[in-house]
Amino acid sequence: MHVADPVMLATARQARGLTQAELARQAGLSQAFISKAEAGQVELDGERLIQAADVLRYPVSLLCLTAEVHSLVSTCVFHRKRSSLPVSKIKQVHASLDLARVQAEELLCDIPVAEVCLPRIRPSQDGEIGPRDIARRVRAGLGLAEGPVQDLTAAVEDAGVVVLSWDLGSRQGDAVSQWLAGHRPIVLMYSAAPGDRQRFSLAHELGHAVMHTEPVDRQEEQADQFASELLMPAKAIRAELSNLDMPALARLKARWGVSMAALIRRARDLGAISDYRYKELNIELSKAGWRSREPVEVPPERPRLLADVVALLREKGLDERAIAERGRMDIRDLHVLLDHQGAV
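Residues numbered from 1 in each chain as written. Predicted model: local features only at pLDDT ≥ 70, side-chain atom pairs only at ≥ 80, totals over all residues. Heavy atoms only, no water.

1. Considering the environment of Leu244
If you trace the backbone, Leu244 turns up in the loop between α11 (234-237) and α12 (246-256). A residue is classified by how much of its surface remains accessible, and Leu244, at 4% relative accessible area, is buried. C-alpha separation for the pair Leu244 and Ala267, spaced 23 residues apart in sequence, amounts to 8.7 Å. Other than its neighbours up to four places away in sequence, Leu244 contacts Leu249, Leu252, Ala267, Ile273, Arg277 and Leu281. (Helix = DSSP H or I, 4+ residues; strand = E, 2+ residues; numbered from the N terminus. Buried < 20%, exposed > 50% of the residue type's maximum accessible area, 1.4 Å probe, protein only. Contact = heavy atoms within 4.5 Å.)

2. Thoughts on the packing of helix α7 (residues 131-142) against helix α9 (residues 195-211)
The description of two packed helices rests on the angle between their axes and on the distance between the axes. Contact geometry of α7 with α9 gives a least axis separation of 11 Å together with a crossing angle of 100°. Here α9 runs roughly perpendicular to α7, going by the angle between their axes. For the pair α7 and α9, contact is made by Pro131, Ile134, Val138 and Leu142 and by Leu206, Val210 and Met211, respectively. (Axes fitted to C-alpha atoms, helices over the stretch in contact; angles between N-to-C directions. Parallel < 35°, antiparallel > 145°, perpendicular 65-115°, else oblique.)

3. Overview of the state of the cysteines
Here a disulfide denotes one covalent bond, and it connects the sulfur atoms of two cysteines. Under the defined criterion, the tally for this structure stands at zero disulfides. With no disulfide of its own, Cys64 lies 19 Å from the sulfur of Cys109, the closest cysteine sulfur. (Disulfide = S-S within 2.5 Å.)

4. Let's talk about the pairing of strand β2 (residues 162-166)
Burial analysis of β2 places four of its five residues in the buried class, which makes it a mostly covered element. Relative to strand β4 (residues 186-190), β2 is paired through five bridges, and the arrangement is parallel. Within β4, the residue paired with Val163 across the bridge is Val187. (Pairing = 2+ DSSP bridges.)

5. Focus on empty space enclosed by the protein
Tallying each qualifying case throughout the model produces one cavity of 30 Å³ or more. As a volume, the largest cavity reaches approximately 80 Å³. Surrounding the largest cavity, Thr153, Val163, Ser165, Met189, Gly195, Gln198, Arg199, Leu202, Glu301 and Pro303 form its lining. When contributions to the lining of the largest cavity are tallied by element, the ones reaching two or more residues are β2 and α9. Top element by residues in the lining of the largest cavity is α9. It accounts for four residues. Across the lining of the largest cavity, the residue classes tally to four nonpolar, four polar and two charged. (1 Å grid on protein atoms, 1.4 Å probe; cavity = no way out; pocket = protein on both sides within 12 Å on 5 of 7 lines; lining within 4 Å. Points joined across faces, edges and corners; volume = space filled by probe spheres on them. Nonpolar A, V, L, I, M, F, W, Y, C, P; charged D, E, K, R; others polar.)

6. Some thoughts on the environment of Leu29
Along the polypeptide, Leu29 turns up in the loop between α2 (20-27) and α3 (31-38). Its relative accessible area of 17% is what places Leu29 among the buried residues. Note: C-alpha distance between Leu29 and Gln225 (196 residues apart in sequence) is 50 Å. Sequence-distant contacts of Leu29, that is, excluding residues within four places in its chain, are made with Ala24, Ile34, Leu44, Arg48 and Gln51.

7. Describing the pairing of β4
Counting buried positions along β4 yields five of five residues, so the element is predominantly enclosed. Covered by surrounding structure in β4 are Ile186, Leu188 and Tyr190 together with Val187 and Met189, the residues of both alternating faces.

8. Comments concerning the side chain of Gln198
Examined against the element boundaries, Gln198 turns out to sit in helix α9. Exposure remark for Gln198: the relative accessible area of 9% places this residue in the buried category. Of note is the side chain of Gln198, whose polar atom sits 3.1 Å from the backbone oxygen of Tyr190. Residue contacts for Gln198: discarding those within four places in its chain leaves Met189, Tyr190, Ser191, Ala192, Ala193, Pro300 and Glu301. (Polar contact = N/O pair within 3.5 Å; in protein donor to acceptor, adjacent residues only side chain to side chain.)

9. A few points about the environment of Ala272
Within the element layout of this structure, Ala272 appears in the loop between α13 (260-269) and α14 (275-287). Placed 29 residues apart in sequence, Ala272 and Glu301 show a C-alpha to C-alpha distance of 29 Å. For Ala272, the contacting residues outside a window of four places in its chain are Arg238, Leu241, Ser242 and Ala267.

10. Topic: unusual backbone geometry
The residue Arg57 is not glycine, and still its phi comes out positive at about 60°. Along the chain, Arg57 falls in the loop between α4 (46-56) and α5 (60-63). Unlike most non-glycine residues, Asp110 shows phi in positive territory, near 70°. With respect to the element layout, Asp110 can be found in the loop between α6 (87-108) and α7.

This is the structure in structure tokens:
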């Protein structure tokens, strides 16, 4: 008999942004019953399980997976966001990340794809090994040339990371990531963000994956330092950051695939411009109204790993319904996933 796992049930509900009361009402159940089912005090099975699964738009097979086996009990999640998010929205994003990882692992099962080849290096307490040093090691490990990174997403996927373009449900959140022992690293990227912001967010989350196995002080600052060095290595970019003005920043943005604001900050951090010039350039950026949307569009990078896996499964004779079943997802979610990955 199929019985919903309590943690998996709660995670699925949170991922859909539903309260217990909303799920209960739409499924024709009581809020008290849903509460007890998520606490493991009663079993959600039979017709009631089917009703809940229909409302949640997840297959029964997903709700019945053992959450502990799939590491849904972990809280090791890193979230790059622009400002404070409501607790309910944070829970929804984290739940979406958990389920996306489970579904990706189900799709990837027995498929020959790249093994994870990233190091895990903590910044040293004495400062001898810092985020920038670690970024340089990662760049070398990824086989990146000294200049601009042409396709960071492809390089990260080649290193075994699952990258998904995702609707995170809020313009305030840019990316969320997780790398649990025994699992692949996974990053969910805000699909509507500009390409330059997506690239920096991916580099930032990669920094978390490599450097942080648990939350630490200054982790966001460290991830930003890692991202800056990964995308704008000091040795290659320093000479290009003197005599900055808006036209020069626009040209550099197109060349390096990072925002004008990030270039200004990098120039200041590398001593290529003074603190006074740093303030001047930021004021110019604000006066031009470019804080929210800069000129010069950087094309978004498209993750390909899961889209390629789906294409391979199609070649093996699986139709969309069978692929969705394999991935323990609703077929509508499979369509959304492939659309965000640029697949057809």
